[in-house]
Each structure stands twice: as C-alpha cells, then as structure tokens.
Amino acid sequence: MIRIKVKSKLYPATEDALPRRVINDFRLALKDNEFVCLVGPSGCGKTTLLNLVAGLDDDFDGEIRFDEREENHKIGYVFQNPRLLPWRTVRENIELALNEPAPSGAIDNLLEVMQLADFQHVYPERLSLGMSRRVAIIRAFAINPDLLLMDEPFVSLDSATAQQVRDLLIGLWQQRPHTVLFVTHDLREAIALADRIVFLTSAPMQTLNEVVVPFSRNERQNQQLIEQFRHDLLQTDGKPVT
Amino acid sequence: MLRKQSLAWLSIAVFLSLWHGFALYLESRNLPGPLMVLQVFWEQCRSGELPYHLGVTLLRLIVSFAIAMFIGCAIGIVLGRNRQVNAFFDNWLVIFLNIPALVTMILCYVWFGLTEVAAIVAVVINKIPNVVVTVREGARALNRDLLEMARCYRFGKAKTLQHVVLPQLFPYFIGATRSGLALIWKIILVVELLGRSNGMGYQLHLFFQLFDVASILAYTFAFVAVMQITEWLVLKPLDNRAQRWRR
Ligand SMILES: Nc1ncnc2c1ncn2[C@@H]1O[C@H](COP(=O)(O)OP(=O)(O)OP(=O)(O)O)[C@@H](O)[C@H]1O
Ligand SMILES: [Mg+2]
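Residues numbered from 1 in each chain as written. Chains lettered and ligands numbered in written order. Predicted model: local features only at pLDDT ≥ 70, side-chain atom pairs only at ≥ 80, totals over all residues. Heavy atoms only, no water.

Caption draft 1: Spotlight on the site of ligand 1. Residues and elements named next belong to chain A. The environment of ligand 1 is made up of 13 residues, and the closest members are Ser-42, Gly-43, Thr-47, Thr-48 and Gln-80. Here Cys-44 contributes a backbone N or O atom positioned 3.2 Å from an oxygen atom of ligand 1. Contact with the protein chains covers 64% of the free accessible surface of ligand 1, which is 630 Å². Listing elements by their share of the shell around ligand 1, those giving two or more residues are strand S2 (20–30) and helix H1 (46–54). Ranked by residue count, the leading element in the shell around ligand 1 is H1, at three residues. (Near = heavy atom within 4 Å. Polar contact = N/O pair within 3.5 Å; in protein donor to acceptor, adjacent residues only side chain to side chain. Areas by Shrake-Rupley, 256 points an atom, 1.4 Å probe, with all protein chains shown as cover. Helix = DSSP H or I, 4+ residues; strand = E, 2+ residues; numbered from the N terminus.)

Here it is in structure tokens:
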C-alpha cells in the first residue's frame, strides 16, 4: 500500500512569476500491485506528482507513505523525456540502472522484444526519439521495480509498437506483480491497462473522480468493449458509471 | 581536411623563409637564421645540456600541473554544486585570480626558502584559481534531468560521479588542461629564473646575460615542439575518444 497525501505543492515565485499552487489537497492510495492510470489536462501537475512520489522533490506539504517494503523499495521511472546518458551505449544505460547483477538473458530478452537488439551498442544520440523512449522503458522494466512510474511512455511510438509494448508491460506485470502509476492522455489506453482510472482537474490539481475498470485482462482484448466503456465515460462527462 | 593541413604547413614554410631572408639581410648576432638555431639546437642536444634542463622543467611542470588540476577540480566541483560554499569563497577566488604571479613566487621563496617545494607551491597557487573557475562553470551547468534519473535509480555517489558528472565535465577538464599547460609553462620559467639553479628558466637567464639569442631560440623551439607533440599524442586522441558518442 502506498498512501499519497499532498496538502499542497507550490512552485516558489521567481523574478517574473508569482508562486504557483500546482497540487491542492490530493489524496490517492495505491493498493499493492494495483495498476492506476492518471488522466488529466496538460499542465495540471501529473509530472509534478510523479516526481513527489519518486522522492525527487521533497519540497511540498504532505507525505508519501510506503508500507511494508519501505526500506528498500525499488522505483522504476519512465520519465516524460527519455533521460539516457548520451555518453553510454544503450546497453550500458540499462545496465547502469541495475544495482545488482541481473540474469544475463533478461536484458537481451527485453531488447529483443523492443526491437532494439541491433542497437544495443549504439549511443543514444543516434537513436530516434521513439527508440530512446523504448530504451528508457526497458531500463525501468529491467530493475524489476516494486513501484513503476510511467509518464506518458508511449507517445511518439506508432500504434502497433505501442500496442506491443503495452502487452509486454501487462505480461511483465502479471508475471511479477507490482504497483504501477501510469500517466496518459489516451482514454482507450487507460481503459485497456488500468484497474482504476483517476481523473484530475486542471491546476491546482485535485481528483475529479475515480473509475474502476470492471473488465478482466482477457476481456480487454475486445476493442468493442473498450470502445463502449469509453463512450459511456464521455457521455456521463467523467461522472462515475455503474 | 587535406587542404587545411597543407595550408598549415605552407604558413610555417612562409614564416621560415621570411625569417631566413631577414637574418641574411641584417647579418646581426641578435637575429640568427633558422639554420643557425637548428645547429645550436643540435649541439645542445648532443652535449646533453638541453635534454637535462628541459627534462627538469618538464618534471616540475607535470608535478605542479597534476597537483593543481586535482585540487582545482575538487574545489571547482564543490563550488559549482553548492551555492552557500560558493558565496563564501567567491571573493577569495577573484582575489587569488588577480594576485600577480610574481608576488606569489617571491612570497613562496621568502617563506619556504629557495627550495623545490617552494617552486612547486608557487606554480600550483597560480594555477588553481584558473582550474576552479573553469570547472565550476561546468559543475553549474550539470544536467538536472540526468541527476534526477541517477537519484531515482539509486546510482549512489561514486557511480553518479563516474557516469553522470565527470563525462559532463570532461570538456571543461580539457579546456583547463590546455590553458593550464600554457600558463604553467610561462610561470615555471620565472620561478626557475628567480630561485633554482637548473631548468630552462635558469638556462635562459644565462643566455640572456651572454646575449646568446641562438641558444634562447633553440630552447624555445625545443619546448614548443614538446607541447605540440603532447597536443597531438595525448590531448587530441583523449578528446576524440571522450567525444565519440556525439553525433
Ligand atoms: N520547475 C518548475 N517551476 C515552476 N513551475 C513549474 C515547474 N515544473 C512545472 N511547473 C508548473 O506546474 C504545472 C504542472 O506541471 P507538470 O509538468 O506537472 O504538468 P503535467 O500535468 O505533467 O503536464 P503535461 O501533461 O503537459 O506533461 C505547470 O503549470 C507548470 O507550469
Ligand atoms: Mg507531464
């Protein structure tokens, strides 16, 4: 269980801007191994929230509480931009994130599935943006995280590749369950992936409402079901269905 | 590329023939021609004098350069990463940057005696502020995204330094090295002239008293050659290797 409680997050004033309240009284509890999608307008504070959860920013009023594996929880974070070390090859970038030696085949496997096997000794500046994103995704998967944060990870992938990576993500998640907090603008994607979708207001960010996705993993193969659910969600204007 | 190279050689050739022409025309002891200088160079090499004094100077240069780079980089990184420490030391940095080299040399010799240690300390003190300023600039410009990534993935101090910080600082190190070697070289000769009884500074002083311009030029030539070779054999390859990831 991870309890996120953010009373307020302010970005301090600068010379030409007043202080900005980005998050206001936001609460979210992530159950163990739950897959939660955050959906909200651009600029509402989703990235800010993930940074708080990842512990990269402790300048806020509130607390993020991890139960149980508190001591040593591993966080995999797919940032909104790839953030690869340009002076290390693809493979080195992935291996550097591992703090214990991984089973040797694991990375090869991921590279293979992501169609990057031929590029493992290439420097990131020679990759396309979509390829860099895939490397960043592999890096996050490879550490076997207890909490996986993903900030719009599939933008700039073509829909076929995106679908493949989605399947991989769900496959890995079912193999070795862990908590996932996933930001997206794509409602179909959210329905296809999430146990629960949290809709957010524009800044200062608050929860608009929460929707539990009632489908089993198998049912989600059915595009029509997803399409129908999406339609209902849009009809009710984000108000809870059921 | 080839054109650029041949132009560089051409400019050297033009310079040498102009020099040769002037020397012939003036026929003065104060302006020996290039052939004359080469001959003196050769003699000095054969007698072993030039290699000895050049070696002594180079040794001092390497030792003081290494010490200054190490201390300067460490201070530079700390100042670049820590605003408070930087605010505390900022003025001192400017002051040390502006103390004339001659003053530090004299003070070092007065305080520590005419010793090897005093000579090295004088050079090091003159060089450190330059390294600090350059490296501090680099440390300030470190990429925050990558530092956050390293923190999130628990790189730890050593790994972050090796894989995230130092590669970003590398161009600044190379910059500090290039400007540093040139600066130290100039300072070290004065240090030797003032208080040592060997090394190129000492020799040049002797030649000056004898008005032996040919020898002065021969020594200069030897040193310039050494520096060029360092650039070609050490700095350039190092630079290329460290930059090979760039597009
Ligand atoms: N370092 C910062 N300093 C000041 N303001 C910031 C900073 N980072 C973000 N903001 C502001 O906080 C708000 C939320 O930013 P954030 O990046 O969290 O949005 P987001 O929900 O991730 O948007 P998007 O979907 O476009 O990525 C924005 O209005 C932005 O201007
Ligand atoms: Mg964002």
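Caption draft 2: Region of the structure containing the coordination of the magnesium ion (ligand 2). Residue and element names in this part refer to chain A. Protein coordination of the magnesium ion (ligand 2) is provided by Thr-47 (OG1) and Gln-80 (OE1), with donor distances spanning 1.9 to 2.3 Å. Here Gln-80 lies in the loop between strand S5 (75–78) and helix H2 (90–97) and Thr-47 lies in helix H1, a separation of 33 residues in the sequence. A relative accessible area of 28% means that Thr-47 is categorised as partly exposed. Since its relative accessible area comes to 35%, Gln-80 is described here as partly exposed. (Donors = N, O, S within 2.8 Å, 3.2 Å for Na, K, Ca; no water. Buried < 20%, exposed > 50% of the residue type's maximum accessible area, 1.4 Å probe, protein only.)

Caption draft 3: Fine view of the pattern of salt bridges. A full pass over the atoms with the stated rule returns 25 salt bridges over all chains. Among the ionic pairs, Glu34(A) bridges to Lys31(A), the shortest N-O distance being 3.6 Å. Lys236(B) is the partner of Glu231(B) in a salt bridge, and the nearest nitrogen-oxygen pair spans 3.9 Å. Under the relative-accessibility criterion, Glu231(B) is labelled buried at 17%. Connected via shared salt-bridge partners are Lys31(A), Glu34(A), Arg196(A) and Glu210(A). (Salt bridge = Lys/Arg side-chain N within 4 Å of Asp/Glu carboxyl O.)

Geometric descriptors of this kind do not, in isolation, establish any biological role.
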